[in-house]
Amino acid sequence: MSITNTRYVNHYNTSGSIDNNRNAVSKILTVGIATLDIINIVDRYPREDEKMRAMDQRVSRGGNAANTACVLSQYGHDIDFAGVIVDEPDGHRIEQDMLGNQIGLSFCQRVDCGKMPTSYITLNTDNASRTIVNYRDLPEYSVESFKQIPLQEFDWIHFEGRNIEHTIKMIRHARKHINNKVISVEIEKDRPGIDALMPLADVLMIPGAQVRRRGFTDPYLYFDHIRPQAPTATLITTWGAEGAFGRDTNNMDYHCPAVPPDKVIDTIGAGDTFNAALINAFSSGLTLEESLSHACEIAGKKVGQLGFDNLV
């Protein structure tokens, strides 16, 4: 299913923002990782070999697909998450958090040994940078588990671009069982072979940091570069303080400016929030231009507060 700049259903109100009381409710599946985030809040980034005291600490659920699911749930969508959950205290903590956010977990792969992936995050309040060290000793979500999901029930399936060989198999399996449904893929990191996911997606979400790592300083030139690999996909990239850029399936380009808060407080999960707001907007029938605008608005709200509560 392609997304152009045609409005399918108008859920915009006269103020130009989404009317959350009129959103179409969609059934959405996110596939990826859930983590335990241990966030140390400091007033400056520590020097190497320095011992310093954190100003505060938070322990919360994290992970791209899990965060996106929890933000989508705030819009009232029917959300399921497919990932690996371990039968151990951190796994139980993450599970309870997600259930509390009305996320269905019946399609998760359960394992009885190991530890949940952990992200150790240093959040610098001086400039809102976040430095992340990840630890993981779990298997990735399996194709066999994915094949047990009744995919025909879902309106949208969102994949975190990881475990490339298996993700390719999952998307190809999904294509055999669903028609006229949207599959989106986030390509956050340069994992080996990740470009093979591009032709399989209806919507590609690529953070600006990833685009710059590939040597591009102009998002439209990057769209030119990847269009042959993803000829039928809507292309999206975030660009920090410059907002977000998109190219539809008719190769029309759009840009929406950022909506910065009064003060940048917490950038952790801003990209996950942007993706969730984008999926919500598309699912509600908004055009690409309107969807970019809404996603920038909600992502801006996210970086102006700690955590993900009450974004919508």
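Residues numbered from 1 in each chain as written. Predicted model: local features only at pLDDT ≥ 70, side-chain atom pairs only at ≥ 80, totals over all residues. Heavy atoms only, no water.

Engineer: Just checking my understanding: could you explain helix 8 (residues 288-303) for this structure?
Structural biologist: One turn of an α-helix holds 3.6 residues; hence residues three or four places apart share an orientation. Between its terminal C-alpha atoms helix 8 stretches 22 Å, which fits the 22 Å expected from 16 residues at 1.5 Å a residue. The element helix 8 is largely enclosed, with a buried count of twelve among its 16 residues. Taken together, the buried positions of helix 8 are Leu288, Glu290, Ser291, Leu292, His294, Ala295, Cys296, Ile298, Ala299, Gly300, Lys302 and Val303. Buried residues along helix 8 sit in contact with strand 13 (234-238), strand 14 (244-247), strand 15 (253-256) and helix 7 (270-283). (Helix = DSSP H or I, 4+ residues; strand = E, 2+ residues; numbered from the N terminus. Expected span 1.5 Å × (residues − 1). Buried < 20%, exposed > 50% of the residue type's maximum accessible area, 1.4 Å probe, protein only. Contact = heavy atoms within 4.5 Å.)

Engineer: How should I be thinking about the sheet that holds strand 15 in this particular structure?
Structural biologist: Strand pairing within a sheet occurs via backbone hydrogen bonds; the two strands may be parallel or antiparallel. As summarised here, the arrangement of the nine strands in space is 6-4-1-10-11-12-13-14-15, forming an open sheet in which the pairing is mixed. If you trace the sheet from one side to the other, it starts and ends with strand 6 (103-104) and strand 15, each paired once. Relative to strand 10 (residues 156-160), strand 1 (residues 27-31) runs parallel, the two sharing four bridges. Pairing of Val31 across the sheet is with Phe159, part of strand 10. Those strands touched by helix 4 (residues 164-177) are strand 1, strand 10 and strand 11 (182-186), and its axis lies near 170° from that of strand 10. (Pairing = 2+ DSSP bridges. Axes fitted to C-alpha atoms, helices over the stretch in contact; angles between N-to-C directions.)

Engineer: Looking at this structure, I do not really get the packing of aromatic side chains. What am I missing?
Structural biologist: For any pair of aromatic rings, the description consists of the separation of the ring centres together with the inter-plane angle of the planes. All told, the structure shown has seven aromatic pairs when counted by the stated rule. When the ring of Phe146 is compared with that of Phe159, the centres are 5.7 Å apart and the planes differ by 50°; the resulting orientation is tilted. Of this pair, Phe146 sits in helix 3 (residues 143-146) while Phe159 sits in strand 10, placing them 13 residues apart in sequence. Owing to a relative accessible area of 0%, Phe146 belongs among the buried residues under this scheme. For the ring pair Phe216 and Tyr222, a centre distance of 5.2 Å and an interplane angle of 70° mean the geometry is edge-to-face. (Phe/Tyr/Trp six-rings, centres within 6.5 Å; stacked < 30°, edge-to-face > 60°.)

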